Amino acid sequence: MATWSVVWNNPKLHTPDREKIWVACDEHKQSLSDFLSIRSFLKRVDPIEPT
Ligand SMILES: [Zn+2]
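Below is a summary of the structure that appears in this document. Just so it is clear, the structure is predicted and the values come from calculations on it, not from any experiment. (Residues numbered from 1 in each chain as written. Predicted model: local features only at pLDDT ≥ 70, side-chain atom pairs only at ≥ 80, totals over all residues. Heavy atoms only, no water.)

All right, on to the nonpolar core then. Counting five residues, the largest nonpolar core consists of V6, W8, A24, L36 and F41. In this structure, F41 is in contact with V7, W8, N9, N10, P11 and L36, ignoring residues within four places of it in sequence. (Core = buried A, V, L, I, M, F, W, Y, C linked by side-chain atoms within 4.5 Å. Buried < 20%, exposed > 50% of the residue type's maximum accessible area, 1.4 Å probe, protein only. Contact = heavy atoms within 4.5 Å.)

Another point: the coordination of the zinc ion. Coordination of the zinc ion by the protein comes from C25 (SG) and H28 (ND1), over a distance range of 1.8 to 2.2 Å. Accessibility expressed as a relative area gives 17% for C25, which makes it buried. You can call H28 partly exposed: its relative accessible area is 40%. (Donors = N, O, S within 2.8 Å, 3.2 Å for Na, K, Ca; no water.)

Looking now at the pattern of salt bridges. In a structure, side chains of opposite charge can pair up when their charged atoms sit close to one another. Evaluation of the coordinates by the stated rule reveals three salt bridges. With a closest N to O distance of 2.9 Å, R44 and E19 form a salt bridge. Residue R44 is found in strand β3 (residues 42-47), and its partner E19 is found in the loop between β1 (2-8) and β2 (20-25); the two are separated by 25 residues along the sequence. Its relative accessible area of 34% is what places R44 among the partly exposed residues. A salt bridge links D46 to R44; the nearest nitrogen and oxygen atoms lie 2.9 Å apart. Sharing partners across several salt bridges, the network here consists of E19, K43, R44 and D46. (Salt bridge = Lys/Arg side-chain N within 4 Å of Asp/Glu carboxyl O. Helix = DSSP H or I, 4+ residues; strand = E, 2+ residues; numbered from the N terminus.)

Before going further, it helps to examine unusual backbone geometry. One non-glycine residue, S40, adopts positive backbone phi at about 60 degrees. Given a relative accessible area of 61%, S40 falls into the exposed group.

Turning next to the packing of aromatic side chains. Summed over the entire model, instances satisfying the criterion amount to three aromatic pairs. Between W8 and W22, the ring centres sit 5.1 Å apart and the planes meet at 55 degrees, which makes this aromatic pair tilted. Residue W8 is found in strand β1, and its partner W22 is found in strand β2; the two are separated by 14 residues along the sequence. Ring geometry for W22 against F35: centres 6.2 Å apart, planes inclined by 40 degrees, an arrangement best described as tilted. Of this pair, W22 sits in strand β2 while F35 sits in helix α1 (residues 26-38), placing them 13 residues apart in sequence. Assessed through its relative accessible area of 29%, W22 is described here as partly exposed. Chaining the aromatic ring pairs together yields one cluster made of W8, W22, F35 and F41. Taking NZ or CZ as reference, K29 lies 4.3 Å from the ring centre of W4, over its face. Just above the ring of F35 sits the side chain of R39; from NZ or CZ to the centre is 3.8 Å. (Phe/Tyr/Trp six-rings, centres within 6.5 Å; stacked < 30°, edge-to-face > 60°. Lys NZ or Arg CZ within 6 Å of the ring centre and 35° of its normal.)

Printed below as a string of structure tokens:
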């Protein structure tokens, strides 16, 4: 179940205001966040509200 929006930006490829989004479940949120964080790409992780 996708419950997190992992927001990131690669400054070598994108302008700073550009936001790339990976949708992640609880299980994969941490590894995706770590992957991006190590590269200084991570902007934030937002919860996706159930509709
Ligand atoms: Zn997952």
